[in-house]
Amino acid sequence: MKKILKVIGLLFLSIDTVVTLSFLYWALTASTRDGEVAYAFVFLLFSLAYIGIGGGALVFSAKRGSVLGLWFSTVFLGLPPVLFAAIRISNSL
């Protein structure tokens with residue numbers, strides 16, 4: 001159970017990292033009109049904090065071997081990808 005939760009948590013962490021890299025690209029290429037740079041940096045900082053908290057909890061609970069900690073960190077890291085997929089699916093119906 002611990003290995004499965006750890007693998008799923010790492011999968012969600014990698015998805016969140018790819019999204020953070022896309023926010024970094026957006027922040028570096030954003031135009032200065034209409035405050036797009038500010039939006040890009042806010043999303044980038046929020047995403048970095050989210051990955052820091054979720055990834056730190058995942059690493060800490062994996063070292064301690066806590067199944068409950070692995071479960072909570074996996075759910076925490078999995079919320080954005082699952083919500084994004086649910087919104088995409090509901091919009092396509």
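Residues numbered from 1 in each chain as written. Predicted model: local features only at pLDDT ≥ 70, side-chain atom pairs only at ≥ 80, totals over all residues. Heavy atoms only, no water.

**Observations regarding the overall build of the chain**
A tally of regular secondary structure across the chain gives three helices and zero strands. In the chain, the order of α-helices and β-strands from amino to carboxyl end is α-α-α. In summary, the chain has a C-alpha radius of gyration of 15 Å against a globular reference of 12 Å for 93 residues, an excess of more than 25%. Dimensions of the chain along its principal axes, counting C-alpha atoms only, are 50 × 35 × 15 Å. Expressed as a percentage of its 93 residues, the buried residues of the chain come to 25%. For the chain, the proportion of contacts with a sequence separation of at least 24, taken over those separated by at least 6, is 59%. When the accessible surface of the chain is summed, it comes to about 6600 Å², and 77% of that surface belongs to carbon and sulfur atoms. (Helix = DSSP H or I, 4+ residues; strand = E, 2+ residues; numbered from the N terminus. Rg over C-alpha atoms; globule rule 2.2 N^0.38 Å. Buried < 20%, exposed > 50% of the residue type's maximum accessible area, 1.4 Å probe, protein only. Contact = heavy atoms within 4.5 Å. Areas by Shrake-Rupley, 256 points an atom, 1.4 Å probe, with all protein chains shown as cover.)

**Quick notes on the nonpolar core**
Soluble globular proteins: nonpolar side chains tend toward being buried together. In this structure, Leu-5, Phe-12, Leu-13, Ile-51, Leu-58, Leu-70 and Leu-77 together form the largest nonpolar core, which totals seven residues. Here this core takes three residues from helix α1 (residues 2-29), the largest share from any one element. Contact partners of Ile-51, with chain neighbours within four places excluded, come to Leu-13, Asp-16, Thr-17, Thr-20 and Gly-56. (Core = buried A, V, L, I, M, F, W, Y, C linked by side-chain atoms within 4.5 Å.)

**A closer look at the side chain of Ser-47**
As for its placement among the helices and strands, Ser-47 is situated in helix α2 (residues 36-64). According to the relative accessible area criterion, Ser-47 is buried, its value standing at 9%. A polar contact of 2.4 Å, which involves the side chain of Ser-47, links it to the side chain of Thr-20. If we ignore the near neighbours within four places in the chain, the residues touching Ser-47 are Asp-16, Thr-20 and Phe-23. (Polar contact = N/O pair within 3.5 Å; in protein donor to acceptor, adjacent residues only side chain to side chain.)

**Some remarks on the packing of aromatic side chains**
For the structure shown, the criterion picks out six aromatic pairs. Taking 6.4 Å as the distance between ring centres and 45° as the angle between the ring planes, the aromatic pair formed by Phe-23 and Trp-26 counts as tilted. Note that Phe-23 and Trp-26 are positioned in helix α1 at a spacing of three residues, about one turn of the helix. When its relative accessible area of 27% is taken as the criterion, Trp-26 is described as partly exposed. Their ring planes at 35° and their centres at 5.6 Å tell us that Phe-23 and Phe-43 sit as a pair that is tilted. Of this pair, Phe-23 sits in helix α1 while Phe-43 sits in helix α2, placing them 20 residues apart in sequence. You can call Phe-43 partly exposed: its relative accessible area is 39%. (Phe/Tyr/Trp six-rings, centres within 6.5 Å; stacked < 30°, edge-to-face > 60°.)

**Brief notes about α2**
Look at α2: 42 Å from first C-alpha to last across 29 residues, which is about the 42 Å you get at 1.5 Å a residue. Of the positions making up α2, those classed as buried are Ala-40, Leu-44, Ser-47, Tyr-50, Ile-51, Gly-54, Gly-55, Leu-58 and Ser-61. Immediately beyond the C-terminal end of α2, within one or two residues, lies Gly-65, with a positive phi of roughly 80°. (Expected span 1.5 Å × (residues − 1).)

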